[in-house]
Amino acid sequence: MSLTLDKMDLPPRPKLFDFHGVSMSHYFTDNWDKVQSFQARPDDILIATYPKAGTTWVSYILDLLYFGQTYSERQTSIPIHERVPFLEIDIPTEYTGTDLAEKLPTSPRLIKTHLPVQFVPKSFWEQNCRIVYVARNAKDNAVSYFHFDRMNKVQPEAGDWSSFLQRFMEGKMVFGPWYDHVTGWWEKKQTHSKIHYMFYEDLIEDTGREIDSLCSFLGLSPSAEEKERVRGGVQFDNMKKDNMANYSTVGVMDFKISPFMRKGKVGDWKNHFTVAQSEQFDEDYKNKMKNPMQQFRTEV
Ligand code: PPS
């Protein structure tokens, strides 16, 4: 099965609208009833993120940890977005995220979502599923999202950087404000032991350490050799050249504008924010992010 979106006559870029208090585009709400009634299984693992926080990286790590040895042809023939379906996506093609997730032959099933915590289908909580949440500092997250909206034809128009940044601060992004997303999941984690909250910057700093901590959360004990294989396999340069991991099979993305695997760094925001933009952003950030426990690093 492959995404044949390139063969579709693509409609104009979608518009944002308010959906239960969160900005969304129809591609993630059209299948809402099925998303909300999705039947999770107790061993499902949900990978939850704000868009562009490191979803694909962590998906790949989990996929290799669980299936890297047993199903090696999976890595060479099935794109990551089919191995780890995107639950709420509904782009008119052969399947929706829910269909793909329901058809997953694996156990556990690895499932991706960008939903803010209040939108997660209730069966994931009822089944007490493990959830891995990945967060990335707001400035780099905004930059990555900007380039993604430029190149992804099923996202709203990015516009220029300065108007995009303004909208990012206002939360007028698909999946709503970054601030509410990372905070909502952070608060949920305080009362829910099955959420592992990780940071993109920590993964950059020491991928091996973060894989160790993921393994202890998941109850996995791979050999040192296997862990090293996973660590090496998920390095940015390896994933960038791997057609099953780099989204090059997805026709709605125009890599001539910007590749999916773009830079993979902490601190690229410095190449985009002017001094004035950075100061304005920091001021606004202070007003929105009041919890001193919730710290992000904008450099490593
Ligand atoms: S999406 O579309 O929301 O699923 O995107 P997501 O995968 O969350 O985020 C894409 C950004 O993650 C970077 N990335 C990586 N960085 C470092 N190492 C590895 N292995 C890696 N894999 C993906 C990717 O390059 C995007 O960030 P930017 O800053 O745009 O490069």
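Here the structure is a predicted model, which is why all the values come from computation and not from measurement.

Draft legend 1. View of the overall build of the protein chain. Check the secondary structure of the protein chain and you find 14 helices and six strands. Scaling as 2.2 N^0.38, a compact globule of 300 residues should have a C-alpha radius of gyration of about 19 Å, and the protein chain matches this with 18 Å. Projecting the C-alpha coordinates of the protein chain onto the three principal axes gives extents of approximately 50 × 45 × 40 Å. The proportion of buried residues among the 300 residues of the protein chain is 58%. Sequence-distant contacts in the protein chain: of pairs separated by 6 or more residues, those separated by 24 or more amount to 75%.

Draft legend 2. Spatial organisation of unusual backbone geometry. Between S107 and P108 the backbone carries a cis peptide bond, its omega angle lying at 5 degrees. Relative to the helices and strands, P108 resides in the loop between α5 (97–103) and β4 (110–113). For N128, which is not glycine, the phi torsion reads 55 degrees and is therefore positive. Relative to the elements of secondary structure, N128 occurs in the loop between α6 (122–126) and β5 (130–135).

Draft legend 3. Fine view of the environment of D44. For D44, the location among the structural elements is in the loop between α1 (32–36) and β3 (45–49). Judged by its relative accessible area of 0%, D44 is buried. Separated by 64 residues in the primary sequence, D44 and P108 place their C-alpha atoms 5.2 Å from one another. Residue contacts for D44: discarding those within four places in its chain leaves F38, Q39, R109, I111, F124, C129 and R130. From its side chain, D44 meets the backbone nitrogen of R41 in a polar contact 2.7 Å long. A distance of 2.8 Å separates polar atoms of two side chains, one belonging to D44 and the other to R109.

Draft legend 4. Main features of the site of the ligand. Close to the ligand lie 22 residues; T55, T56, S144, Y200 and K263 are nearest. Measuring from an oxygen atom of the ligand, one finds a side-chain N or O atom of T56 at 2.5 Å. R262 is positioned such that a nitrogen or oxygen atom in its side chain is 2.8 Å from an oxygen atom of the ligand. Protein chains bury 98% of the 650 Å² of accessible surface belonging to the ligand in isolation. Within the shell around the ligand, the residues separate by chemical class into ten nonpolar, seven polar and five charged.

Draft legend 5. Fine view of the packing of aromatic side chains. For the structure shown, the criterion picks out 34 aromatic pairs. Judged by centre distance (6.0 Å) and plane angle (80 degrees), the rings of F19 and F119 are edge-to-face. Taken together, the residues F19 in strand β1 (residues 17–19) and F119 in the loop between β4 and α6 connect sequence positions 100 residues apart. Summarising the aromatic geometry, the rings of W57 and Y200 are spaced 5.4 Å apart at their centres and angled 70 degrees between planes, so their arrangement reads as edge-to-face. Of this pair, W57 sits in helix α2 (residues 55–67) while Y200 is found in helix α10 (residues 200–205), placing the two residues 143 residues apart along the sequence. On the basis of relative accessibility, which here comes to 11%, the residue W57 falls in the buried class. Residue Y200 is classed as buried on the basis of its relative accessible area of 5%. Sitting over the ring of F148, K52 keeps its end group 3.5 Å from the ring centre. The ring of Y179 carries K288 above its face, with NZ or CZ at 4.5 Å from the centroid.

Draft legend 6. Inspection of the pattern of salt bridges at higher detail. Scanning all chains against the criterion turns up 18 salt bridges. For R297, the salt bridge goes to E205, with nearest N and O atoms at 2.9 Å. Here the residue R297 occupies a position in the segment after α14 (275–288), and E205 occupies one in helix α10, the gap between them amounting to 92 residues. The class of E205 is partly exposed, set by a relative accessible area of 39%. Close ionic contact of R229 with E226 constitutes a salt bridge, the shortest N to O distance being 3.1 Å. Here R229 and its partner E226 are both found in helix α12 (residues 224–233), three residues apart, which amounts to about one turn of the helix.

Draft legend 7. Focus on the packing of helix α11 (residues 207–218) against α12. One can describe the packing of α11 onto α12 by two numbers: an axis separation of 10 Å at closest approach and a directional angle of 125 degrees. What the angle tells us is that α11 and α12 run oblique. The handedness of the crossing between α11 and α12 is right-handed. Touching T207, G208, I211 and D212 of α11 are K227, V230 and R231, all from α12. In the contact of α11 with α12, the residues fall into two nonpolar, two polar and three charged.

Draft legend 8. Empty space enclosed by the protein, seen in detail. Inspection of every chain in the model, using the stated rule, returns one cavity of 30 Å³ or more. When its volume is computed, the largest cavity comes out at roughly 40 Å³. Looking at the lining of the largest cavity, the elements that each hand over two or more residues are α2 and α4 (80–83). When grouped by side-chain class, the residues that make up the lining of the largest cavity number three nonpolar, three polar and one charged.

How each quantity is defined
Residues numbered from 1 in each chain as written. Predicted model: local features only at pLDDT ≥ 70, side-chain atom pairs only at ≥ 80, totals over all residues. Heavy atoms only, no water. Helix = DSSP H or I, 4+ residues; strand = E, 2+ residues; numbered from the N terminus. Rg over C-alpha atoms; globule rule 2.2 N^0.38 Å. Buried < 20%, exposed > 50% of the residue type's maximum accessible area, 1.4 Å probe, protein only. Contact = heavy atoms within 4.5 Å. Polar contact = N/O pair within 3.5 Å; in protein donor to acceptor, adjacent residues only side chain to side chain. Near = heavy atom within 4 Å. Areas by Shrake-Rupley, 256 points an atom, 1.4 Å probe, with all protein chains shown as cover. Nonpolar A, V, L, I, M, F, W, Y, C, P; charged D, E, K, R; others polar. Phe/Tyr/Trp six-rings, centres within 6.5 Å; stacked < 30°, edge-to-face > 60°. Lys NZ or Arg CZ within 6 Å of the ring centre and 35° of its normal. Salt bridge = Lys/Arg side-chain N within 4 Å of Asp/Glu carboxyl O. Axes fitted to C-alpha atoms, helices over the stretch in contact; angles between N-to-C directions. Parallel < 35°, antiparallel > 145°, perpendicular 65-115°, else oblique. Left-handed = near helix turned anticlockwise from the far one by under 90°. 1 Å grid on protein atoms, 1.4 Å probe; cavity = no way out; pocket = protein on both sides within 12 Å on 5 of 7 lines; lining within 4 Å. Points joined across faces, edges and corners; volume = space filled by probe spheres on them.

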